[in-house]
Amino acid sequence: MTEVDKLTPPNFIRAIVRDDLKKNKNNGRVHTRFPPEPNGYLHVGHAKSICLNFGIAAENDGGLCNLRFDDTNPEKEDVEYTEAIMEDVHWLGFDWEDRLYYASDYFEQLYDYAVRLIKDGKAYVDSLGADEMREYRGTLTKPGRESPDRNRSIEDNLDLFARMRAGEFDEGRYVLRAKIDMASPNINMRDPVIYRIKKAHHHRTGDKWCIYPMYDYTHCISDALEGITHSICTLEFEDHRPLYDWCLDQLPVPCHPQQIEFARLNLNYTVMSKRKLNELVNEGHVSGWDDPRMPTITGMRRRGYTPAAVQDFCERIGVTKNDTVIDMSVLENSVREDLDKTTRRVMAVLRPLRVVINNYPENKTEELDAPYHPNRPEMGSRKVPFSRVIYIEQDDFMESPPKKFFRLSPGAEVRLRYAYFIRCEEMIKDKKTGAITELRCTYDPRTKGGNAPDGRKVKGTLHWVSANHALQTEVRLYDRLFRVPVPDSTAEWKSSINPESVKILKDACVEPDLARAQPEEHFQFERLGYFCVDRKDAVTGRPVFNRTVTLRDSWAKEGNKAK
RNA sequence: UGGGGGAUCGUCUAACGGUAGGACAGCGGACUCUGACUCCGCCAGUCCAGGUUCGAAUCCUGGUCCCCCAGCCA
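Residues numbered from 1 in each chain as written. Chains lettered and ligands numbered in written order. Predicted model: local features only at pLDDT ≥ 70, side-chain atom pairs only at ≥ 80, totals over all residues. Heavy atoms only, no water.

Student: Give me the environment of D312: which residues, what numbers.
Tutor: Considering the arrangement of structural elements, one finds D312 in helix α12 (residues 307-316). Considered as a pair, D312 and A348 are 36 residues apart in the sequence and their alpha carbons are 29 Å apart. Reaching out from D312, the side chain makes a polar contact with the side chain of S334 at a distance of 2.8 Å. (Helix = DSSP H or I, 4+ residues; strand = E, 2+ residues; numbered from the N terminus. Polar contact = N/O pair within 3.5 Å; in protein donor to acceptor, adjacent residues only side chain to side chain.)

Shown next, in the form of structure tokens:
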């Protein structure tokens, strides 16, 4: 296996492309497109499609991938979304170069083709109302009936269609339909509407048009006009393929792309439909499309996921026609794997417990050397201040520890990472609540740097921050958005939102160097997880950290086993 | 009860008539100045029933189950 093969595991779409190339089907061309509708933000499911389309183009010599906005429904679409989508695709690491297109660019051509269909007797203007049309359409098991308008003369159709364009009619008065087969077992072929009247302002064409082409009619022709070879879409369009092919067969288009369908991505513990994501945003269950708990690309970015991690994830999950739900742990694995090798380690204490080292001089401060990455010395090191009063994590002390607890407890000795061994001598408790408010410890000066000259070992190593030098910051801990793996399956899906999907800690302490951390900079807080500086809320000198993902924690697992 | 798709370890995914392999998860161990990383090991699968064949996840027949479709949405 070559390196390239490892990076690009086989899938059935790649196989089709490879075979087409072998047969020289499109003169050796590979040209794909990513065709979002600008009516919402991109999510990780779109990322799968983006990676597939741009990936297939990139891995074939001369392969190209267009970005095309499928903007045929002005009522739902907006420039806000086109801009966000472009930013997300770029962030993910893909580039359409000069091939940015809009279906609305083709409105004139699409109109001309529609006229052509009418002239060929393959389309007609219908006056059936929406309800009537539904009734005429038939059902899944019963064939439809032909509209009384079906055999309107070509001249009348031409006249009516021109007047539809001219704005003479109200919305809903007429539609243009393809004349195919009202008895087709495939409902999409029962004379589908291809143009409707919408007196809506379009975000690009303004008020130029008051008739807008439908998806099925637009998409195939747009593909053909752009010279697309492989038109990759999701499974729900499989039934539409005969219509895709029908339209192209009727018209003198430059080429006939092949539509190939794959299964959309489902991830557990989240939702993926635009409608549901919209509801979460609009009803305030999350702070916005870029809330770090959202499966949107912008949300994942704010959470601290990296483009490399998302790409790796999309590669790992594969491409098939199977209905599947991917386990969140696969995504988290990709994130950890990328962050582990690229991220500097620093120390932060999320829930501080004050520790006074009795035998350490009052006014002394030492600068201890701490490498940024245990396995990558080339990443360098920084100095961390140490003094008499430090903070450790509340979780790292237990008054009566269970077996196999390697951390601090009365009389126990542990190592402070890159500093000294300390032993717990005394606990100070709040007189009223009994809560432990402070620990009194002693340190062994001979263990400076973290090793004992007498060779004695400690099982535990704790992270810490010097109290006088600490930078207090806000840290946000994110967890899965839903409590159940597949919220979509319940009628009341929003009732399974995880109330603990975010915890905001205001009193976290980080080492002073982090005052310089820049928005979107990633760190590993040792023993805790990967964090990144929030790109919205950070103020210079006072970063706010989002937890991207925890470290694997076999101690926590131990605890779960006991339950 | 029409049409279109799909069924392989717990979850994804390979194998295209010739040893059912990989990833994630789980479990166990080694290592460790992160209970991290890394490494090693284990667990575990061809929807069912027939048939063809020396040999079937793969081919044939018949079932079963799941998903999608009746927008002037995409």
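Student: Residue-level account of the packing of helix α5 (residues 107-119) against helix α8 (residues 215-225), with values.
Tutor: A pair of packed helices is characterised by two quantities: the angle between their axes and the separation of those axes. At a closest axis distance of 11 Å, the pairing of α5 and α8 adopts a crossing angle of 115 degrees. Here α8 runs roughly perpendicular to α5, going by the angle between their axes. Regarding α5 and α8, the two cross each other, and that crossing is right-handed. Contact with α5, carried on its side by Q109, L110, Y113, A114 and L117, involves Y217, T218, I221 and L225 of α8 and no other residues of that element. Residue composition of the contact of α5 with α8, grouped by class: seven nonpolar, two polar and no charged. (Axes fitted to C-alpha atoms, helices over the stretch in contact; angles between N-to-C directions. Parallel < 35°, antiparallel > 145°, perpendicular 65-115°, else oblique. Left-handed = near helix turned anticlockwise from the far one by under 90°. Contact = heavy atoms within 4.5 Å. Nonpolar A, V, L, I, M, F, W, Y, C, P; charged D, E, K, R; others polar.)

Student: Help me get a handle on helix α3 (residues 44-58), residues and values and all.
Tutor: For α3, which comprises 15 residues, the first-to-last C-alpha distance of 20 Å matches the rise-based estimate of 21 Å (1.5 Å per residue) to within 8%. Most of α3 sits out of view: 14 of its 15 residues are buried. (Expected span 1.5 Å × (residues − 1). Buried < 20%, exposed > 50% of the residue type's maximum accessible area, 1.4 Å probe, protein only.)

Student: Describe the packing of α12 against helix α13 (residues 328-342), listing the residues and the values that go with them.
Tutor: Contact geometry of α12 with α13 gives a least axis separation of 8 Å together with a crossing angle of 135 degrees. The angle between the axes of α12 and α13 places the two elements in the oblique class. Crossing of α12 against α13: the hand is right-handed. Contact residues: α12 offers A308, A309, D312, F313 and R316, while α13 offers V330, L331, N333, S334, V335, E337 and D338. Across the contact of α12 with α13, the residue classes tally to six nonpolar, two polar and four charged.

Student: Run through the environment of V17, naming residues and quoting values.
Tutor: Relative to the elements of secondary structure, V17 occurs in helix α2 (residues 12-22). Here the alpha-carbon distance between V17 and T442, two residues 425 residues apart in the chain, equals 68 Å. Ignoring sequence-local partners within four residues, the contact set of V17 consists of V30, I56, N60 and H230.

Student: I'd like a description of the sheet that holds strand β16 (residues 413-416), backed by residues and values.
Tutor: Paired through their backbone hydrogen bonds, the strands of a sheet run either parallel or antiparallel. Read across the sheet, seven strands follow the order β19-β16-β17-β18-β12-β15-β20 without closing on themselves; strand pairing throughout is mixed. One side of each edge strand has no neighbouring strand; the edge strands of this open sheet are β19 (461-462) and β20 (464-466). Relative to β20, strand β15 (residues 389-393) is paired through three bridges, and the arrangement is antiparallel. Among the inter-strand pairings, Y391 is bridged to a residue of β20, identified as V465. (Pairing = 2+ DSSP bridges.)

Student: Break down the protein's contact with RNA strand B for me, citing the residues and quoting the values.
Tutor: Lining the immediate surroundings of RNA strand B are 69 residues, of which R345, R415, G449, Q524 and R552 lie closest. At a separation of 2.7 Å, a base oxygen of RNA strand B approaches a polar backbone atom of R527. The contact in question runs from a phosphate oxygen of RNA strand B to an N or O atom on the side chain of K557, over 3.3 Å. When contributions to the surface near RNA strand B are tallied by element, the ones reaching two or more residues are α6 (130-137), β6 (193-197), α13 and α14 (554-562). (Near = heavy atom within 4 Å.)

Student: Run through the side chain of N39, naming residues and quoting values.
Tutor: Note that N39 resides in the loop between β1 (31-34) and α3. Separated by 2.5 Å, the side chains of N39 and K274 make a polar contact. Residues contacting N39, with those up to four places away along its chain left out, are K76, E77, Y81 and K274.

Student: Describe the sheet that holds strand β2 (residues 64-69), naming the residues involved and giving the relevant values.
Tutor: Pairing in this open sheet of three strands is parallel, and the strands run β1-β2-β3 from one edge to the other. Only two strands of the sheet have a single partner each, and these edge strands are β1 and β3 (100-102). Each strand of the sheet is rotated relative to its neighbour by a mean of 35 degrees, with strand direction disregarded. Here β1 pairs with β2 via four bridges, running parallel. Bridge pairing in β2 places R33 opposite N66.

Student: Go over the pairing of β15, please, and point to the residues and values.
Tutor: When you tally the buried positions in β15, you get four out of five residues, the bulk of the element. The sheet contact formed by strand β12 (residues 352-357) and β15 spans five bridges and is antiparallel. Bridge pairing in β15 places L353 opposite I392.

Student: Summarise the packing of aromatic side chains; cite the residues concerned and give the values.
Tutor: With the rule as written, the count across this model stands at 23 aromatic pairs. Aromatic pair F107 and W209: ring centres 5.9 Å apart, planes at 75 degrees, arrangement edge-to-face. Within this pair, whereas F107 is found in helix α5, its partner W209 is found in the loop between β6 and β7 (211-213), the two being separated by 102 residues in sequence. Of the residues examined, F107 reaches a relative accessible area of 2% and is grouped as buried. A relative accessible area of 4% places W209 in the buried class. Ring pairing ties together the aromatic residues F107, Y111, F161, Y195, W209, Y212 and Y217, which thus form one cluster. (Phe/Tyr/Trp six-rings, centres within 6.5 Å; stacked < 30°, edge-to-face > 60°.)

Student: Requested: an account of the side chain of N73, with residues and values cited.
Tutor: Considering the arrangement of structural elements, one finds N73 in the loop between β2 and α4 (79-92). By relative accessible area, which is 12% here, N73 ends up buried. Residues in contact with N73, not counting those within four places in the same chain, are E37, R196 and K198.

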